[in-house]
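Chain and residue survey
Each chain, written out:
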Amino acid sequence: MLDGKKVIFSGMQATGNLTLGNYLGALKNWAQLTDEYECYYCVVDEHSITIRQDPAVLRKRARALLILYIAAGIDPEKSVLYFQSHVSAHAELAWILNCYTYMGEMSRMTQFKDKSAKHEDNINVGLFAYPVLMAADILLYQADLVPVGIDQKQHLEICRDIAERFNNIYGDVFTIPDGYYGSTGAKVMSLQNPEKKMSKSDENPNASIYLMDDTDTIMRKFKRAVTDSLGVIGYGPEQPGISNLIDIYCACTGKKVEEALKEFDGRGYGELKMAVGEAVCGQLAPLQAEVARLTKEKDYIDRIIKNNAERAAYTAGKTLRKVQHKIGFPDRIR
Ligand code: TRP
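The following paragraphs examine the structure supplied in this document. (Residues numbered from 1 in each chain as written. Predicted model: local features only at pLDDT ≥ 70, side-chain atom pairs only at ≥ 80, totals over all residues. Heavy atoms only, no water.)

A count of helical and extended segments in the protein gives 13 helices and 5 strands. In terms of overall dimensions, the protein is globule-like: its C-alpha atoms have a radius of gyration of 21 Å, near the 20 Å expected for 334 residues. With 334 residues in all, the protein has 51% of them scored as buried. Restricting the contact set of the protein to residue pairs at least 6 apart, pairs at least 24 apart contribute 75%. Counting every atom, the protein has about 16500 Å² of accessible surface; 52% of that belongs to carbon and sulfur. In the protein, the 41 positive side-chain charges and the 43 negative ones have mean positions that sit 3 Å from each other. (Helix = DSSP H or I, 4+ residues; strand = E, 2+ residues; numbered from the N terminus. Rg over C-alpha atoms; globule rule 2.2 N^0.38 Å. Buried < 20%, exposed > 50% of the residue type's maximum accessible area, 1.4 Å probe, protein only. Contact = heavy atoms within 4.5 Å. Areas by Shrake-Rupley, 256 points an atom, 1.4 Å probe, with all protein chains shown as cover. Lys, Arg positive; Asp, Glu negative; His and termini not counted. Charge placed at Lys NZ, Arg CZ, Asp CG, Glu CD.)

Our next topic: the site of the ligand. Taken together, the neighbourhood of the ligand is formed by 13 residues, with Phe9, Tyr130, Met134, Asp137 and Gln152 sitting nearest. Contact between the ligand and Asp137: a nitrogen atom at 2.7 Å from a side-chain N or O atom of the residue. In the complex, 88% of the free accessible area of the ligand, which totals 360 Å², lies under the protein chains. Here the shell around the ligand takes 4 residues from helix H7 (residues 125–140), the largest share from any one element. Here the shell around the ligand is composed, by residue class, of 7 nonpolar, 5 polar and 1 charged. (Near = heavy atom within 4 Å. Polar contact = N/O pair within 3.5 Å; in protein donor to acceptor, adjacent residues only side chain to side chain. Nonpolar A, V, L, I, M, F, W, Y, C, P; charged D, E, K, R; others polar.)

Applying the stated criterion across every chain yields a total of 13 salt bridges. Among the ionic pairs, Asp202 bridges to Lys196, the shortest N-O distance being 3.3 Å. Here Asp202 falls in the buried class, since its relative accessible area comes to 14%. Put simply, Lys221 and Asp213 hold a salt bridge, and the shortest N to O gap is 2.7 Å. Here Lys221 and Asp213 have matching classes, each one buried. Ionic contacts of the salt-bridge type, sharing partners, join the residues Arg63, Lys298 and Asp302 into one network. (Salt bridge = Lys/Arg side-chain N within 4 Å of Asp/Glu carboxyl O.)

Counted at 1.5 Å a residue, the expected span for helix H3 (residues 55–71) with its 17 residues is 24 Å, and the 24 Å between its end C-alpha atoms agrees. For H3, the full list of buried residues reads Leu58, Ala62, Leu65, Leu66, Ile67, Leu68, Tyr69, Ile70 and Ala71. Sitting at the amino-terminal end of H3 is Asp54, which places a side-chain oxygen 3.0 Å from the backbone nitrogen of Ala56. Phi turns positive, to about 105 degrees, at Gly73, one or two residues after H3. (Expected span 1.5 Å × (residues − 1).)

Here the focus is the nonpolar core. Residues Tyr69, Phe222, Ile248 and Val280 are the most contacted members of the largest nonpolar core, which totals 64 residues. What Phe222 contacts, discounting residues up to four positions off in sequence, is Leu20, Leu191, Ile209, Leu245, Ile248, Lys273, Val276, Gly277 and Val280. Within the second largest apolar cluster, 44 residues are counted, among which are Ile138, Val146, Ala163 and Val323. (Core = buried A, V, L, I, M, F, W, Y, C linked by side-chain atoms within 4.5 Å.)

This brings us to empty space enclosed by the protein. Under the defined criterion, the tally for this structure stands at 1 cavity of 30 Å³ or more. By volume, the largest cavity is sized at about 40 Å³. In terms of lining, the largest cavity is formed by Gln111, Phe112, Lys115, Leu127, Tyr130, Pro131 and His155. Put simply, the parts of the chain that give the lining of the largest cavity at least two residues each are helix H6 (110–118) and H7. Residue classes in the lining of the largest cavity are distributed as 4 nonpolar, 2 polar and 1 charged. (1 Å grid on protein atoms, 1.4 Å probe; cavity = no way out; pocket = protein on both sides within 12 Å on 5 of 7 lines; lining within 4 Å. Points joined across faces, edges and corners; volume = space filled by probe spheres on them.)

Another point: the pairing of strand E1 (residues 7–12). Counting buried residues in E1 gives 5 out of 6 residues, a clear majority hidden from the surface. Where E1 meets strand E2 (residues 38–43), 6 bridges bridge the pair, whose relative direction is parallel. Pairing of Gly11 across the sheet is with Cys42, part of E2. You can see the chain leave E1, run along helix H1 (residues 20–32) and come back into E2, and the turn it takes is right-handed. (Pairing = 2+ DSSP bridges. Right-handed = clockwise from strand over helix to strand, strands pointing away.)

So, in structure tokens, the structure goes:
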């Protein structure tokens, strides 16, 4: 904890094309937390290889994601933005924590069950131990808060269990982190099936708005968005499609749901779709321009990658050495 600020840690995978859901639900909020907290935002490339990746694509996407963090308004001087693979303490602590985690605990993880069903030909040990690496990520920085989607809640709980187990044996080594389940972040649903979360791996390209979609594509996808046959703009479980459009509109404009409902009172679905499409374009166009600008600043980005990895390694190294000492590894000779 620096300057008495609480520590935030979060990470995102560079696999798949990021969607509006990743931006409104996560990145945009991450940026809003950087004044109040000491923030570490990681590109978790080591998690990505639990599913087979094309090396050239992974490398490119990881760099693009780091650039996107900056474009989203996260200041790399203030917060720490880096690649997990550049800080070897992540893998080292993960190994140690593996020895304090039970097979039974990992077997119960729903994401492991889902992913192993989906990738039957590659149920590797890394996929099984994925939550342990995630615990190492968080605990290395003594994070107080971890902003994640509700789908990561189980992983965060196991992280707390592992940390408490370790602390019970060795004393207060790790801060026990709390989840920060986007009280401000919007949960963006699929445009084609509004009962389902907008996903970067959806096969239907009309279901998701990708962060790099151009204006025409965005407007077209909103025009095709699934609604209902009620014909009135309302908000609630009986109108998931319209509610999703309203949520997206509010997340982009900063308006409250009631305000939006008043604004669209008596208007048609077509008008709502246009307004939401325009609001989304208004958010994404400047983001895309900033990504394009930063992508050309190769030296600047390289410098950030190097500096930030060093800053992360410094903090992480302190925790790792403490852990190594506690469990009985010989101290280093300096
Ligand atoms: N498992 C997270 C996800 O898929 C990504 C992640 C890895 C993460 N390590 C983390 C998130 C640490 C928060 C903290 O969304």
